[in-house]
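Observations on the three-dimensional arrangement
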Amino acid sequence: MSTKVLVTGLGVISSIGKNVQDTLKSIRELKSGVGQIDLLITRHRGDLPVGEIKQTDEELKETAGVSSLKALTRPTVLGMLAAREAVEDAGLIGDTEGTGFISANTVGGMGHTEQYCLDYINKEKEGDFLEYLGTHNCGDSTERIADYLNIKDYVTTINTACSSSANAIMLGARLIKNGIVKRVVAGGTDSLTRFTLNGFNTLMILAKEQCRPFDENRMGLNLGEGAGFIVLEAEEAANERGARVYSELKGYANTCDAYHQTASSPEGYGAASAMKKAIEHAGLKVEDIDYVNLHGTATQMNDLSEGNAIQNVFGDKVPDVSSTKGFTGHTLGAAGGIEAVFSNLSISENILFPNLNFTDQMNELNFSPLKVIKENAEVINVLSNSFGFGGNNTALLFSKV
Amino acid sequence: MNNRLYISGHCRIKDNRVELNGEPVFTQKDSNFSEFIKALYRDQQFQYSKFFKMDNLSKLGFAASEILLRSIHINVKGSEVGVVLANANSSLDTDVRYQESIKDKTNYFPSPSVFVYTLPNIVIGEICIKHKFTGENALLISETFEADQLFDHTMSLFKDGKVGSCLIGWVDYYLDDYDAALFFITRDNDKKTNFESEKIKSIYQNWS
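Residues numbered from 1 in each chain as written. Chains lettered and ligands numbered in written order. Predicted model: local features only at pLDDT ≥ 70, side-chain atom pairs only at ≥ 80, totals over all residues.

Focus: the interface of chain B and chain A
In plain terms, the rule: C-beta atoms are placed from the backbone for every residue, and two residues are taken to be in contact when these atoms lie within 7 Å. Only DSSP runs of H or I covering at least 4 residues are called helices, and only runs of E covering at least 2 are called strands; the numbering of each starts at the N terminus. The nonpolar class holds Ala, Val, Leu, Ile, Met, Phe, Trp, Tyr, Cys and Pro. Asp, Glu, Lys and Arg form the charged class, and all remaining residues, Gly among them, are polar.
With 17 residues of chain B at the interface, the matching set in chain A holds 16 residues. Secondary-structure elements contributing two or more residues to the side of chain B that touches chain A are helix H5 (122–131) and helix H6 (147–159) of chain B. With four residues, the single largest contributor to the side of chain B that touches chain A is H5(B). Each residue belonging to the side of chain B that touches chain A can be placed in one class, and the counts come to five nonpolar, seven polar and five charged.

Below, the structure is given as C-alpha cells:
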C-alpha cells in the first residue's frame, strides 16, 4: 500500500514536436506550435489559430508502423506514438506483464463521425467508411493503443473534460499503491475536430491570435492536439530492473468546486484546495514548491480563478509559475498528460518553461508568470494543475528523487 | 487510528417506492417518473427550486441523497466528503432528449440548459452544490451494479487519505426505467454496519 510511485518513462507528441527530444528543442527555441489551420477541414481556416500537428493521419500511421490496420482514428494513432515512446523510454517494450493502461480522451472518434455521419444513416451507401462506426466512443482509442503495446492487465478510459489525463495519472498511481499492477502507462490523447472547434467557438472563448495566458489583455484560448503519456512504476519494480527514474509522483488530489454545473468559481476555491491537498498528500509544505505548471488556458475565467487560487495557496511568496499552453495550445484530454511530461522534463533537465506571449500582469493578481526560459534551475518539487469544466480540479505533484 | 469503515445509512428509490435503511418512506403507484418524483418532492418538502431545472438522472440522485443525508449527522468538513457514483446508462436519457430537440430542422431548439445535463457526472455536481461537498468525486460506468468496483474505489479514497466520509452508490436512469441505491460511508460506528463489498451487495439485492 505504501509503495512509492516513480515516473520511469515519458512520451509526447504535439504541435511543437513528434517526441520528447523534438519538444524540448522547440521549447528551448521558444517555438510555438500555434498557427494557422492547414489540415483540419473547417470554415475557420485563416481565422482561428490552433496547435495542429502537421502530419496527415496516413503519415502518422506510417510513423507508428500501423498503415495496414483498419479504422484507426487520429487520437488513436497520436496515442500510439506517445505511449510507445514512453514505454520505449522506460525500456519496457515487450515487457508489459503486470502493466495497466489508463488513457484519457474527450473527443473519441468524432473526427470520422463528423466526416461520415450522413453516410452512416444513408442505407444506400456502403463502403470502408463503415469500419469507423465502432470508433466513436472514447474507449475505442484506449483499447487499440493497449493492443498495440500488448497491455492486458488493466485497461480503462477517463473523461472528465480538461482534467482527464491528470485524473488518469492519479488512478494509475492508485492501482500501483493498491498492488493491482506494478506499472501503469497513463496519460491522454485528443485530436482537433470541427466539433470541438465549433463547440468552443460558440462558448466564445477562442482567441483569434496567439493565446496569452495570465495576461491582463488575454483574449481566450487556442485549441491544440496531441498525446502525452508517462510510465508509472512501483519503486520495487523499478529498482529491481535498475530503471532510470525521472521523479516520484509524491502527491495528487482531485476536488470539486461545488459552485456551478459548468463554470468554475471566480475565487478558485476548488483549484486552491486541489493544490493544497496535493502538497499535504506529499507531506510537503507550500514553500517546498519550486514551480507550478499552470492550467493557464488564457480564458478570462480560468486565469482569474486559477490566479486567485495560486495567491490563496502561496500568499505573497508565489514560486515560479507558467502556462505552456502558448506552445501547444489547449489539448483538452491530452493536456494533463503532456504537461506531466513537461513537469518531469523540468525536474530532469533543470529547466523552467517560459509563459509565451505575456506582457501585462493581471490587475487582480500580485504575481506574473515566468517571461523567460530558466536553465540550470534547481527544480525539486513541481505542481501540475489541470482543471475541467464543472470544477473538476486536479493537481499532481512530482518530486526529484 | 480506527481504520474501520461503516455504512451510516442507505436509501433506495425504485419502482415508485422509497426506502431509507430498509424502511418505507414514500410510495406512489401508477404514475410515471415525472409525476412520482414531483409527488416525492412535495411529500418530503425538499424546498430547493433548482430541483425543477434538473434532468431526470439528477432529480433521482438528488432525491435519494436528500432523504439519506437528512438522516445522517455528517461530522467531517465538506472538503472531506467524496462522492463515488456508478451507473449503466451514463446520461443517455438526456442525450436522447437533446437529440430530439435538434432533429427537426423546422423546430430546432438546442437548449443550453438541457445540454448541460448531457454529462453523467452532473448529478454529482448537483449533490455537491447542495451540500457543499468539495472532496474527490468520480462517476464509474459499468453494465450492472458492481459492488466490488464501488467498494475498491471507495476504499482507495479512504486509504489515500482523500476523504473522511463518502457518498457512494448507483444512480441509473433511462427512459422511465430507473434505480437509485445510495450509501453513506463513514468512520463512525454508531450504526455498526461494517462497510464491506458483500454487505452493499446484499443490501442492493434485498429489494422486492
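Digging into the sheet that holds strand E4 (residues 99–104) of chain A
Residue and element names in this part refer to chain A. Put simply, the rule reads: Each pair of strands is called paired provided DSSP finds at least two bridges between the two strands. All axes here are fitted lines through C-alpha atoms, helices being fitted over the stretch that makes contact, and every angle between N-to-C directions spans 0 to 180 degrees.
The strand order across the open sheet formed by 10 strands is E5-E4-E6-E7-E1-E8-E12-E11-E9-E10, and the pairing between neighbours is mixed. Each having just a single partner strand, strand E5 (154–158) and strand E10 (320–322) make up the two edges of the open sheet. Direction aside, the axes of adjacent strands within the sheet are offset by 20 degrees on average. Pairing between strand E1 (residues 5–14) and strand E8 (residues 247–256): two bridges, direction antiparallel. Bridge pairing in E8 places leucine 6 opposite glutamate 248. Lying over the sheet, helix H9 (residues 269–281) contacts E8, strand E11 (381–388) and strand E12 (392–399), oriented at roughly 145 degrees with respect to E8.

Re the confidence of the model for chain B
Rule in force here: The score called pLDDT rates the predictor's confidence residue by residue, from a low of 0 to a high of 100.
Per-residue pLDDT for chain B averages 93, and the proportion of residues at 70 or more is 99%. Scoring of the predicted complex yields 0.95 for pTM and 0.89 for ipTM.

A look at the domain arrangement of chain A
Interfaces are often sized by the accessible area lost when the parts come together. Residues and elements named next belong to chain A. Rule in force here: Segmentation into domains, and thus their bounds, comes from an automatic or database assignment.
The assigned domain composition of chain A is domain 1 (5–240) and domain 2 (251–399). The gap between the C-alpha centroids of domain 1 and domain 2 is 21 Å. At the interface, 59 residues of domain 1 touch 54 residues of domain 2. Looking at the side of domain 1 that touches domain 2, the elements with two or more residues in it are E1, helix H1 (20–28), strand E3 (50–51), helix H6 (164–177), strand E6 (183–190) and strand E7 (226–234). A total of seven residues in the side of domain 1 that touches domain 2 trace back to one element, the largest contributor, which is H6. When grouped by side-chain class, the residues that make up the side of domain 1 that touches domain 2 number 28 nonpolar, 24 polar and seven charged.

Notes on the environment of A:Asn178
Residues and elements named next belong to chain A. Stated formally: We call a residue exposed when 12 or fewer other C-beta atoms sit within 10 Å of its C-beta, buried when the count reaches 20 or more, and partly exposed for counts in between; the C-beta positions come from the backbone.
Structurally, asparagine 178 can be placed in the loop between H6 and E6. With 15 C-beta atoms packed within 10 Å, asparagine 178 lands in the partly exposed category. On a C-alpha basis, the gap between asparagine 178 and threonine 3 in space is 8.7 Å, while along the polypeptide they are 175 residues apart.

Here's the deal with unusual backbone geometry
A positive phi angle, near 55 degrees, is found at A:Leu30, a position not held by glycine. With respect to the secondary-structure elements, A:Leu30 resides in the loop between H1 and strand E2 (34–35). Its identity as a non-glycine residue notwithstanding, B:Asn16 has a phi of 60 degrees, on the positive side. Taking the number of C-beta atoms within 10 Å as the measure of exposure, B:Asn16 has 19 and is therefore partly exposed.

Brief notes about helix H4 (residues 110–120) of chain A
Along H4(A), the residues classified as buried are A:Met110, A:Gly111, A:His112 and A:Tyr116. Residues of H4(A) that are buried make contact with helix H3 (74–89) and helix H7 (194–202) of chain A.

Considerations on the pairing of E6(A)
Residues and elements named next belong to chain A. Burial analysis of E6 places eight of its eight residues in the buried class, which makes it a mostly covered element. Judged by which residues are buried, E6 turns out to be covered on both faces: Arg183, Val185, Gly187 and Thr189 on one side and Val184, Ala186, Gly188 and Asp190 on the other are all buried. In this structure, E4 lies alongside E6, joined through six bridges in parallel fashion. In the sheet register, glycine 100 faces E6, and the bridge partner there is valine 184. Pairing between E6 and E7: eight bridges, direction antiparallel. Residue pairing for E7: glycine 187 is matched across the bridge by phenylalanine 229.

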